[in-house]
Amino acid sequence: MSSNTTQTPRGENSLASSIALFVPMMLLFFGALYSLSFLTLGNAWPMAVCLGLFALAFWIPQTITGRSDSAGES
């Protein structure tokens, strides 16, 4: 193992990239929860928005960025 401590170990992400992904995904998740505050029996669109934002908050990190298969790699 090299003595250079500035490099991120293999299989781990840098703090900046993790935060840059975490913040927008949490905004999508909280947006999904906030959309439920507009849900009524006569208006189903907030539930559709909630499901869409909720799905994106999990789908983007798992498929587009490929973070679902990075745990446990060394």
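The model shown is predicted, which means the values in this text are computed figures rather than measured ones.

Q: Is there a simple way to think about the overall build of the protein chain in this case?
A: The helix and strand inventory of the protein chain stands at 2 helices and 0 strands. In the protein chain, 54% of the contacts between residues at least 6 apart in sequence involve partners at least 24 apart. When the accessible surface of the protein chain is split by element, carbon and sulfur atoms take 68% of a total near 5,800 Å².

Q: Help me understand the packing of aromatic side chains, please; the structure alone is not making it clear to me.
A: The description of an aromatic ring pair rests on the distance of the ring centres and on the angle between the ring planes. Following the criterion strictly, the structure yields 4 aromatic pairs and no others. On the basis of an interplanar angle of 55° and a centroid distance of 5.8 Å, the ring pair of phenylalanine 29 and phenylalanine 30 is categorised as tilted. By relative accessible area, phenylalanine 29 is classed as partly exposed at 24%. Three or more aromatic residues joined by ring pairs form one cluster here, namely Phe29, Phe30, Phe54 and Phe58.

Q: Would you mind going over the nonpolar core with me for this structure?
A: The tendency in soluble globular proteins is for nonpolar side chains to be buried side by side. Among the nonpolar cores identified, the biggest contains 5 residues, and these are Leu21, Met25, Leu28, Ala57 and Ile60. Of all elements in the fold, only helix H1 (15-35) and helix H2 (45-64) reach the threshold of two or more residues within this core. Broken down by element, this core gets its largest block of residues, 3 residues, from H1. Aside from chain neighbours lying at most four places away, what touches methionine 25 is Leu56, Ala57, Ile60 and Pro61.

Q: What's the story with the side chain of serine 35 in this structure? I'm lost.
A: The residue serine 35 is located in helix H1 in this model. Among the polar contacts listed, one links the side chain of serine 35 to the backbone oxygen of alanine 32, at a separation of 2.7 Å. Of the polar contacts made by the side chain of serine 35, one reaches the backbone oxygen of proline 46; its length is 3.3 Å. Sequence-distant contacts of serine 35, defined by excluding residues within four places in its chain, comprise Pro46, Val49 and Cys50.

Q: Where do I start with H2 in this structure?
A: A turn of α-helix holds 3.6 residues, and therefore any two residues three or four places apart point the same way. Over its 20 residues, H2 runs 26 Å from end to end, which matches the ideal 28 Å to within 8%, given 1.5 Å per residue. Along H2, the sharpest change in direction is near 30° and occurs at phenylalanine 58; proline proline 61 comes one to four residues later. Turning to H2, its buried residues are Pro46, Cys50, Ala57, Ile60 and Pro61. At its buried positions, H2 is contacted by H1.

Cut-offs used in this document
- Residues numbered from 1 in each chain as written.
- Predicted model: local features only at pLDDT ≥ 70, side-chain atom pairs only at ≥ 80, totals over all residues.
- Heavy atoms only, no water.
- Helix = DSSP H or I, 4+ residues; strand = E, 2+ residues; numbered from the N terminus.
- Contact = heavy atoms within 4.5 Å.
- Areas by Shrake-Rupley, 256 points an atom, 1.4 Å probe, with all protein chains shown as cover.
- Phe/Tyr/Trp six-rings, centres within 6.5 Å; stacked < 30°, edge-to-face > 60°.
- Buried < 20%, exposed > 50% of the residue type's maximum accessible area, 1.4 Å probe, protein only.
- Core = buried A, V, L, I, M, F, W, Y, C linked by side-chain atoms within 4.5 Å.
- Polar contact = N/O pair within 3.5 Å; in protein donor to acceptor, adjacent residues only side chain to side chain.
- Expected span 1.5 Å × (residues − 1).
- Bend = angle between axes of the 7 residues up to and from the residue.

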